[in-house]
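Take a look at the letters that make up each chain.
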Amino acid sequence: MSKPTQVRAIYPGTFDPVHNGHIDIVARAARLFDHLTVAIYARPLKNLLFTTEERKAMLLEALHDVPNVSVSTYRQLTVDYARQIDAQVVVRGLRVISDFELEFQMALTNKKLAPEIEFICLMTSQEYAFLSASTVKEIAMLGGCVDTMVPSHVAAAMSTKFEGTAGSGEESVRLVSLRD
Ligand code: ADP
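Counting restarts for each chain, with residues numbered from 1 along the sequence as it is written. Local features in a predicted model are, by the rule used here, given only for residues with pLDDT of at least 70; side-chain atom pairs are given and counted only at 80 or more, and totals for whole chains, interfaces and linings are based on all residues. Values shown for side chains rest on all heavy atoms present in the structure; no hydrogens or waters enter the calculation.

So, the sheet that holds strand β3 (residues 69–74)
Phase 1: Pairing between strands is defined by DSSP: at least two bridges between the two strands are required. Helix and strand assignments come from DSSP, with helices taken as H or I runs of at least 4 residues and strands as E runs of at least 2, each series counted from the N terminus. Taken in spatial order, the five strands of this open sheet run β3-β2-β1-β4-β5, and their pairing is parallel. Pairing within the sheet leaves two strands with one partner each, and these edge strands are β3 and β5 (118–123). Averaged over all pairs of adjacent strands, the angle between strand axes in this sheet comes to 30 degrees, irrespective of strand direction.
Phase 2: Two elements, strand β1 (residues 8–13) and strand β4 (residues 89–94), share two bridges in a ladder whose sense is parallel. Of the residues in β4, the one forming a bridge with A9 is V89.
Phase 3: Taken strand by strand, helix α4 (residues 97–113) contacts β4 and β5, and its axis lies near 170 degrees from that of β4. Orientation is described by axes fitted as lines to C-alpha atoms, over the contacting stretch for helices, and by angles from 0 to 180 degrees between their N-to-C directions. Contact between two residues is taken to exist if any of their heavy atoms lie within 4.5 Å; hydrogens are not considered.

Here you go:
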């Protein structure tokens, strides 16, 4: 197989909301490929805090200074969407061992569906290894400071969502352990 002149990649995810771990993966992937599409899955199975449009607006603001990156939404299989936008590579981020199992299974399944697409995992940067959207939401919901974890506009959007709701956002935040 010959190497394409332009290598386009897609970074799919829920991004509910975008955090600094995602932004780090985008910045690093954008240096590796000619173009990167950050693709928001618009019909995920999990409960969400933000609408698709809100998630897209937050990503656009966070990534406005990365020149070869665009943000879009999709509702079909990731590999079908990758084909639609001519992406030859799917980028994912790897944090911990439990991420590996899921990413490995998804990559092999997707490879069956689309053998021409490659799946590449970038290791998390050490400072973001603990970050996930659920953790960030849980901290924000309980009034903690998320300033080092998300861009300021995302922190503001979360505090607006949780403002005066006294925990009524709980159905969209998976509580783990930070309140005990
Ligand atoms: P989250 O797991 O934070 O809810 P998503 O489900 O939207 O985020 O994940 C999109 C991709 O980003 C996945 O490949 C996920 O492993 C990766 N990712 C999420 N958080 C980080 C992080 N802190 N460092 C590196 N990659 C990450």
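Focus on the environment of F130
Phase 1: Along the chain, the position of F130 falls in the loop between β5 and α5 (133–141).
Phase 2: Only protein chains enter the accessibility calculation, which uses a 1.4 Å probe. A residue is then buried if its area is under 20% of the maximum for its type, exposed if over 50%, and partly exposed in between. The class of F130 is exposed, set by a relative accessible area of 52%.
Phase 3: Along the sequence, F130 and R95 sit 35 residues apart, while their C-alpha atoms lie 7.4 Å from each other.
Phase 4: Each residue touching F130, except ones within four places of it in the same chain, is listed here: T135 and M149.

A word on unusual backbone geometry
With glycine set apart, most residues show a phi of negative sign, and most peptide bonds adopt trans.
Phase 1: Backbone torsion omega between D16 and P17 reads 0 degrees, so that peptide bond is classified as cis.
Phase 2: As for its placement among the helices and strands, P17 is situated in the loop between β1 and α1 (20–32).
Phase 3: Of note, the phi angle at D86 is positive, near 60 degrees, even though the residue is not glycine.
Phase 4: With respect to the helices, strands and loops of the structure, D86 is situated in the loop between α3 (78–84) and β4.

Remarks on the pattern of salt bridges
Phase 1: Any carboxyl oxygen of Asp or Glu that lies within 4 Å of a side-chain nitrogen of Lys or Arg is treated as forming a salt bridge with it. Scanning the entire structure with this criterion turns up eight salt bridges.
Phase 2: Of the charged contacts, one joins R28 and D24 as a salt bridge, the two residues approaching to 3.0 Å between their closest N and O atoms. Here R28 and its partner D24 are both found in helix α1, four residues apart, which amounts to about one turn of the helix.
Phase 3: Of the residues examined, R28 reaches a relative accessible area of 23% and is grouped as partly exposed.
Phase 4: The exposure class of D24 is buried, given its relative accessible area of 16%.
Phase 5: Here the salt bridges do not stand alone but share partners, grouping D80, R83 and E116 into one network.

A closer look at α4
Phase 1: Helix span, as expected, comes to 1.5 Å for every residue beyond the first. Taking 1.5 Å per residue, 17 residues should reach 24 Å; α4 reaches 25 Å between its end C-alpha atoms and fits that length.
Phase 2: Taken together, the buried positions of α4 are D99, E103 and N110. One face of α4 carries all of its buried residues, which in axial projection span an arc of 35 degrees. In α4, the exposed positions that point more than 90 degrees away from the buried face belong to I97, S98, E101, Q105 and K112.
Phase 3: Buried-residue contacts for α4 involve α3, β4 and β5. Directions from the helix axis toward the C-beta atoms define the arc.

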